[in-house]
Amino acid sequence: MMLGTVLLAACLLCGRCLGESLARALGIDGDVGGVGFAMVALMLGTAVVRRCGLDSAAFRAGLGYWAGMYIPIVVAMAATQNVVAALRGGWVAVLAGGVAVFVAFAAVPLLAGRPTESVGSMGE
Amino acid sequence: MAHLIDGLAATLGKESIVTGLLFLGAVMAFAGFVSHRWTGGRLHASAIAIALGLMAALGAGLVTSGSRGMADVAGFGGLAILGGATLRDFAIVATASSSRFEELIVAGPRGMLALLCGVCGAFALGGMVAYGCGYRDPIDLATIGGGAATYIVGPVTGAALGAGSEVIALAVATGLVKSILVMLLTPTVARLIGLNRPAAAIVFGGLMGTTSGVVAGLAATDAKLVPYGALTSAFYTGLGCLLGPSLIIAVLRALLAHQ
């Protein structure tokens, strides 16, 4: 059980560290892609654990618990947003935010290409 | 009886993380009930739960006039920890354990293109709206444009360039509007824009960028897509903070100087 959680913690710290280092190298404050690096590390880490024969139901539970807590955590995040400030920002904020969202939605099919190009997709 | 009520109030206040977990459980259960009974499962329970969370944050913000939504309500401070960056990142990374490395490699170049288009597009659109609303200073345009990227890029860009505090507040509000719209609208438009496979989620994360909006929107659409969207959106804020006070402001100054 602990192995899964330890692997997760180690991957998050490694990713964060890489993200912070990359940000410093670029001369900005903060973190560039830390969570992204951590996810790639976890994908590789779980592959190594499987290869070494350490994969077990308990290992998967150690990871799965946190993956399963994901939606409640997102609900907590939503419940602690400053929604009042977002609405008080006035028309400029609503317009600029809204336009950015709608154009990005419209651009998804343009950049994502045909569904059949994806690995493992069912096709149409 | 009075002792019991006082004791309960004191306990809930001291154990605010546990209280927060109970609150989340209640919201999830209610959302599940609404999804199943009232919409026949058409509207995903997580989409309803996230919308309920946002409504709770709005109500709490109006009552307490604080900036942390439900976390400002006595006894619910633990929600700020449960929904804070640490646990959020921990859980996002955990969702990657079920995703496939091959998907990532296939969509890699498209994801990078989406990131560049997403960041530059947000600055351009936000800047144009601000210009249309009467802002002419390149610093103000870059700051509000940054807000149209994410609510972090806006203030970071503004602070680096020395923008006024009301423009920075406006940029934060713009980013919050974006994040909330993405959370609420993604499940509805997902079918329309073909957001049903990992490659599209990678592109979506790169174009939208707002990690909170992307992951909540994808969670409400199909939880399997979350890690792919989160992966590209993780780079977005960093890229925006990098380009805003450097390339973007230079382009804006050049554009406005020619008028």
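Residues numbered from 1 in each chain as written. Chains lettered and ligands numbered in written order. Predicted model: local features only at pLDDT ≥ 70, side-chain atom pairs only at ≥ 80, totals over all residues. Heavy atoms only, no water.

**Observations regarding the domain arrangement of chain B**
All names here are of chain B.
(1) Moving on: Each assigned domain of chain B is listed here: domain 1 (2-83) and domain 2 (96-257).
(2) Moving on: Computed from C-alpha atoms alone, the centre-to-centre distance between domain 1 and domain 2 is 28 Å.
(3) Moving on: With six residues of domain 1 at the contact, the number on the domain 2 side is eight residues.
(4) Moving on: Summing the contributions of domain 1 and of domain 2, the shared interface buries around 520 Å²; its carbon and sulfur component is 81%.
(5) Moving on: When the buried surface of domain 1 facing domain 2 is broken down by residue, H44, I50 and L54 rank first, second and third, together holding 70% of it.
(6) Moving on: In this assembly, domain 1 and domain 2 are joined by zero salt bridges.
(7) Moving on: Seen at the junction of domain 1 and domain 2, the total is zero residue pairs in polar contact (both at pLDDT 80 or more).
(8) Moving on: Looking at the side of domain 1 that touches domain 2, its residues break down into four nonpolar, two polar and no charged. (Domains from an automatic or database assignment. Contact = heavy atoms within 4.5 Å. Buried area = accessible area lost by both parts, 1.4 Å probe. Salt bridge = Lys/Arg side-chain N within 4 Å of Asp/Glu carboxyl O. Polar contact = N/O pair within 3.5 Å; in protein donor to acceptor, adjacent residues only side chain to side chain. Nonpolar A, V, L, I, M, F, W, Y, C, P; charged D, E, K, R; others polar.)

**Quick notes on the interface of chain B and chain A**
(1) Moving on: Residue-level contacts link 87 residues of chain B with 70 residues of chain A.
(2) Moving on: Taking both sides of the interface into account, the surface hidden between chain B and chain A amounts to around 6,900 Å²; carbon and sulfur atoms contribute 82%.
(3) Moving on: Together, F90, V93 and R197 of chain B form the three largest contributors to the area buried by chain B at its contact with chain A, with a combined 10%.
(4) Moving on: Here chain B and chain A share one salt bridge between them.

**Considering the side chain of T210 of chain B**
(1) Moving on: Checked against the element boundaries, T210 of chain B lands in the loop between α10 (198-208) and α11 (211-221).
(2) Moving on: Apart from the residues lying within four places of it in its own chain, the contact partners of T210 of chain B are T150, K178, S179 and V182 of chain B. (Helix = DSSP H or I, 4+ residues; strand = E, 2+ residues; numbered from the N terminus.)

**A short note on the packing of aromatic side chains**
(1) Moving on: The full count for this structure, using the stated rule, is six aromatic pairs over all chains.
(2) Moving on: Ring geometry for F23 of chain B against F76 of chain B: centres 5.5 Å apart, planes inclined by 75°, an arrangement best described as edge-to-face. Here F76 of chain B lies in the loop between α3 (45-64) and α4 (78-82) and F23 of chain B lies in helix α2 (residues 16-38), a separation of 53 residues in the sequence.
(3) Moving on: The class of F23 of chain B is buried, set by a relative accessible area of 17%.
(4) Moving on: Here F33 of chain B and W38 of chain B contribute two aromatic rings whose centre-to-centre distance is 6.2 Å and whose plane-to-plane angle is 70°, an arrangement assigned as edge-to-face.
(5) Moving on: Classification of F33 of chain B by relative accessible area gives partly exposed; the value is 40%.
(6) Moving on: Taking the relative accessible area as the measure of exposure, W38 of chain B reaches 61% and is therefore exposed.
(7) Moving on: Through a chain of ring-to-ring contacts, three or more aromatic side chains come together here, namely Y65 and W66 of chain A together with F90 of chain B. (Phe/Tyr/Trp six-rings, centres within 6.5 Å; stacked < 30°, edge-to-face > 60°. Buried < 20%, exposed > 50% of the residue type's maximum accessible area, 1.4 Å probe, protein only.)

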